[in-house]
Amino acid sequence: MKYFTTILFFALSTISLLGYSQNLQSQLEKYSPYIKQLNQGVAVFVQQNNTTTTANVGKYKFNEHTVFNIGSATKKMTAILLLQEVEKGTLKLSDSVGTYLQPIKNVDGSLTIETLLRHRSGLGEIVGRNFEQEFFAKKDSFYNSDFLNKIPKNNPKKIGKYDYCNTNYILLGHVLEKINDKSYFNLLQERIFTPCNMTASYPYVSKKLKNLATPTHKQKDVTSYLDYRFYANYAYAAGSIASTFNDITKFYNHLFQKETLLSKTSLQQLISFDDADYGLGIMKFKNGYIGHGGNNLGYSYREYYNPENQNLILLFSNSRFIPFSKMLKEELFNFIEGKTNTVTFNENITSDFKSVLGNYLFDSHGMKMDMEILEKNNHLYFSAQGAKVILISKEKGKLYNGSFGVELEVNPKNVNELIFRQNGLETIIKRVKS
């Protein structure tokens, strides 16, 4: 009888877990046709109450073992390596950068390690200004150049103020190498990946990695442009790492539950958030969640971990931006909180918004640009500055683009105008040709 009860319990548990996974997949399936149109895929992962589930939408079949670049989420790994040095007594967060690195052009050697960790240095940005151009140029001379001598002039007014800048973590990677007389990548492997049994994580992206997600850019496969040096030499300690959902789950478990990487005291330093909600290489979000996402050419990634209940939400896409990121985030938090309300799309979008098709002029905030709303293959698209993005509607009279956060609302006072909103900006765009 006891044997039968055990079997019955196992069977019911299996059915329950299967339903949990299928529920998430079916909830997100409505995004698939839109993400396929972008030639992208999105994978999501949820951990709750020792139960995990994944879902995949779009063109590509990703899962918890798919490898992708985590981008700036690398920064928390860099911060952990530095806190390990603090534990060993080899440095203090109050130490100056100049203590470890010889003078570098446009870098104030008196800046402290903690100032860099918290992005309060005012340093000029070395990564990100021309990264798209450099990625596609594939110049050997570029990767063999001295990046540290290319740091732009700093802004003294920003010293002490939060201003996110990759240069901070590039320099911190070099500090770690100087102290240990060992490469940053070896340190990652020896002190983070191996102790956490992260067997499918790598210090940098290489096109030779097994199960690597196909990188795309502007709807095109850019695998042929992949060069490990772009991640190893250029993104470096600010954004080089490749990993999987499965390994990231191990990482958070070892960091917060097993104390594998840091002592409790050091862990509290890592998550000592300032008024910008930034700790040491990690951010604070709402409702007790923390993490650090990342964007790079070919990959985008977001993570939300709750140390109190170990809930974990992960999502990535194989392009620089996660399509419908805000909506997907809302869906995933609703799912993990047991809420039944989900985002629904207008399936009659092409007929309901036929009257807004045409060319528009954006003339506001010192900028002028032509825009167009067009129909193709039973979808609506928004075109501007050479980029064409798909539109959806989830509210009457409003169109959304999930990649760039653009919202277009039909102006009830004038049929030839749309209210344009993006990242807090709001203005009127006028139709110039229908």
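Scroll up for the structure.
Residues numbered from 1 in each chain as written. Predicted model: local features only at pLDDT ≥ 70, side-chain atom pairs only at ≥ 80, totals over all residues. Heavy atoms only, no water.

**Some details on the side chain of His217**
Our working definition: Elements are defined by DSSP. Helices are runs of H or I of four residues or more, strands are runs of E of two residues or more, and each kind is numbered from the N terminus. Here a polar contact means two N or O atoms within 3.5 Å. Within protein one must be a hydrogen donor candidate and the other an acceptor candidate, and residues neighboring in sequence count only if both atoms are side-chain atoms.
By the element assignment, His217 lies in strand β4 (residues 216–217). A polar contact is formed between the side chain of His217 and the side chain of Glu132, at a distance of 3.1 Å.

**Let's talk about the packing of aromatic side chains**
We count it as follows: What counts as a ring pair is set by centres within 6.5 Å for rings of Phe, Tyr and Trp (its six-membered ring), and what kind of pair is set by the plane angle: stacked under 30 degrees, edge-to-face over 60, tilted for all other angles. Relative accessibility decides the category of a residue: with a 1.4 Å probe and only protein chains considered, values under 20% of the type maximum give buried, values over 50% give exposed, and everything between is partly exposed.
Applying the stated criterion across every chain, the model contains 34 aromatic pairs. Plain terms: the ring middles of Phe185 and Tyr236 are 6.0 Å apart, the flat faces sit at 80° to each other, and that makes the pair edge-to-face. Taken together, the residues Phe185 in helix α8 (residues 184–193) and Tyr236 in the loop between α9 (228–235) and β6 (242–243) connect sequence positions 51 residues apart. On the basis of relative accessibility, which here comes to 15%, the residue Phe185 falls in the buried class. A residue is classified by how much of its surface remains accessible, and Tyr236, at 5% relative accessible area, is buried.

**Focus on the sheet that holds strand β15 (residues 387–395)**
The criterion, for reference: Pairing between strands requires that DSSP locate at least two bridges from one strand to the other. Lines are fitted to the C-alpha atoms to define the axes, a helix being fitted only along its stretch in contact, and any angle between axes, read from their N-to-C directions, falls within 0 to 180 degrees.
The eight strands lie next to each other as β12-β13-β14-β15-β16-β17-β18-β19, forming a closed barrel whose pairing is antiparallel. Looking at each pair of strands side by side, their axes are set apart by 30° on average, direction ignored. Pairing of strand β18 (residues 417–422) with strand β19 (residues 425–433), which is carried by six bridges, proceeds in the antiparallel orientation. The residue bridging Phe420 from the neighbouring strand is Thr427, located in β19.

**Concerning the environment of Ile271**
This is how it is decided: The criterion used for residue contact is that any of the two residues' heavy atoms lie within 4.5 Å.
If you trace the backbone, Ile271 turns up in the loop between α11 (264–270) and β7 (283–284). Sequence separation between Ile271 and Gln84 is 187 residues; the distance between their C-alpha atoms is 15 Å. Residues in contact with Ile271, not counting those within four places in the same chain, are Phe256, Ile282 and Ile290.

**So, the environment of Gln219**
With respect to the helices and strands, Gln219 occurs in the loop between β4 and β5 (220–221). Other than its neighbours up to four places away in sequence, Gln219 contacts Gln37, Leu38, Asn39 and Lys388.

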